[in-house]
2 protein chains.
Amino acid sequence: MPPLRDGPTEPRDEDMREEFQADLNEVSRLMVTMAEAVREAMRKATKALLTADLKAAEAVIERDHEVDELNSQVEAKVADTIARQAPVASDLRMVITALHISADLERMGDLAEHVAKTAKRRHPSPAVPAELRPVFQGMAEVADQMAESIANLLAKPDAELAAKLEHQDDEIDELERKLFKIMLDDDWPYGAETAIDGALLGRFYERYADHAVNVGEQLVYLITGEPVGDQS
Amino acid sequence: MPPLRDGPTEPRDEDMREEFQADLNEVSRLMVTMAEAVREAMRKATKALLTADLKAAEAVIERDHEVDELNSQVEAKVADTIARQAPVASDLRMVITALHISADLERMGDLAEHVAKTAKRRHPSPAVPAELRPVFQGMAEVADQMAESIANLLAKPDAELAAKLEHQDDEIDELERKLFKIMLDDDWPYGAETAIDGALLGRFYERYADHAVNVGEQLVYLITGEPVGDQS
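An unreviewed UniProt entry lists chain A under the name Phosphate-specific transport system accessory protein PhoU, with Paractinoplanes abujensis as the source organism. Recorded under Sequence similarities (unreviewed entry), the UniProt text for chain A is reproduced unchanged: "Belongs to the PhoU family."

Right under this line is the structure:
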């Protein structure tokens, strides 16, 4: 975690302070690695989806456990930090927030895996017909920018950049509406299966973006001390 | 939280011990209330869905913030408990686990709200055609049993009952497969819109059940100290 301070902290032994900062840095490092991993996972899952690339799909599925493992490491490190350092006030808030962020990142990895599994299930056919490809390309691009922002924010917090995630989430929602509009058009030439795949895939990207917004909100909360509304 | 002990705890002042137990009881009480609320929300959302009951749908949507509020109360109480009591070992594990359980319950409330919103969006038409109603009825019944188990488990932990949640989750997955089978049949008389609604609704119940399993796993972890595999 970055060295955020929103007010005077408890007086502490200087060595303890350094140890605590080292713990936070370790948690921060793990979460940046997670953010980069879930970004890469969604990039690869999208490639699998749009080019019916089985190898890419399988790589994403095989590697999801790495993100789960990083999440477990964050949880263990946070528990260890609380037990050893007994943080209070903003220090405590920071380590508990790390738990939430890590859980969101883990879920983003799961959603990338869901996209990859859909691509794999339909292989060698493409899961997404040509008419829907530009929409998914658009959703994937915004989702990728969001994941990139999160990785940057975890390394260097910035309330303005975090707030931008909300706008990007609106773009994703707009693209999802466009997706439904295409599928519900009278001229839609495909059957129920393609529509179902399309709807679920749209939801995977949309949920991925929601979790990215959650991470941004948690970071804004750390920076400003003001909670932001619930994302559901 | 129930008075779980999996080994000798740190020596503590007896008053502190009592205070800590009182804190846990308060967290436990909040979570039981949450579990009951999300159970009631999904019951009512299902009623809204299967009988096109607009009033029931709106009641669920209006009351979701209550579960969010309870989740915030759990988070605040846990942070306060950690700051005041500086728990370690199994005590610390217990309060951190409460955060995870509360987050799962909050998400279950969101999913009930999603079902209600779908019912509302299609009103006065039913969102679910007659052919799919028995499957959703089945999913809703199992989901309801799972929510009931969780409320009971939070009040009185029982590793065996918690493990049973996994089997119920399998039933839900089986019903979801059945749902897809019906919609993908050549004789399926409805268009893309109904199939999309059906698929997303199926996923809402399935995710609700997944979160119930997560809660069960967290409780087993508290009881046995053994982590159970990741649910994704």
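Still more ground to cover, so stick around.
For helix H1 (residues 14-51) of chain B, built from 38 residues, the straight-helix expectation of 56 Å at 1.5 Å per residue is met to within 8% by its first-to-last C-alpha distance of 55 Å. The positive-phi residue at the C-terminal boundary of H1 of chain B is Ala-52 of chain B, with phi of around 50°.

Moving on, we get to helix H5 (residues 159-184) of chain B. The end-to-end C-alpha distance of H5 of chain B is 39 Å, a good match for the 38 Å that 26 residues give at a rise of 1.5 Å each. Along H5 of chain B, the positions that sit buried rather than exposed are Ala-162, Leu-165, Gln-168, Asp-169, Ile-172, Leu-175, Glu-176, Leu-179, Phe-180 and Met-183 of chain B. Among the structural elements, helix H6 (192-224) of chain A together with helix H4 (133-155) and helix H6 (192-224) of chain B are those in contact with the buried residues of H5 of chain B. Looking at where H5 of chain B begins, the residue whose side-chain oxygen comes 2.9 Å from the main-chain nitrogen of Glu-160 of chain B is Asp-158 of chain B.

For these two chains of identical sequence, chain A goes onto chain B by a turn of 180° and a shift of 0.0 Å along the axis, with RMSD 0.0 Å. Within this description, the copies of the chain are treated as partners about a two-fold rotation axis. When the interface residues of chain A are mapped onto chain B, 100% of them are again interface residues, pointing to one common binding face.

Quick look at the UniProt feature "coiled-coil region" (unreviewed entry) in chain A now. Mapped onto this structure's residue numbering, the UniProt feature "coiled-coil region" (unreviewed entry) falls at residues 158-185 of chain A. For residues 158-185 of chain A, helix accounts for 93% and strand for 0%, while the C-alpha atoms at its two ends are 42 Å apart.

Using the residue numbers shown here, the UniProt feature "domain: PhoU" (unreviewed entry) corresponds to residues 33-118 and 138-218 of chain A. Taken as a whole, residues 33-118 of chain A contains 94% helix and 0% strand, while its terminal C-alpha atoms sit 25 Å from one another.

All names here are of chain A. Mapped onto the fold, Thr-51 is located in helix H1 (residues 14-51). For the pair Thr-51 and Pro-124, spaced 73 residues apart in sequence, the C-alpha separation works out to 9.7 Å. For Thr-51, the side chain forms a polar contact with the main-chain oxygen of Lys-47, separated by 2.6 Å.

Definitions and cut-offs
- Residues numbered from 1 in each chain as written.
- Chains lettered and ligands numbered in written order.
- Predicted model: local features only at pLDDT ≥ 70, side-chain atom pairs only at ≥ 80, totals over all residues.
- Heavy atoms only, no water.
- UniProt positions renumbered as here; feature names shortened; annotations may be inferred.
- Helix = DSSP H or I, 4+ residues; strand = E, 2+ residues; numbered from the N terminus.
- Expected span 1.5 Å × (residues − 1).
- Buried < 20%, exposed > 50% of the residue type's maximum accessible area, 1.4 Å probe, protein only.
- Contact = heavy atoms within 4.5 Å.
- Polar contact = N/O pair within 3.5 Å; in protein donor to acceptor, adjacent residues only side chain to side chain.
- Least-squares fit on C-alpha atoms with pLDDT ≥ 70 in both.

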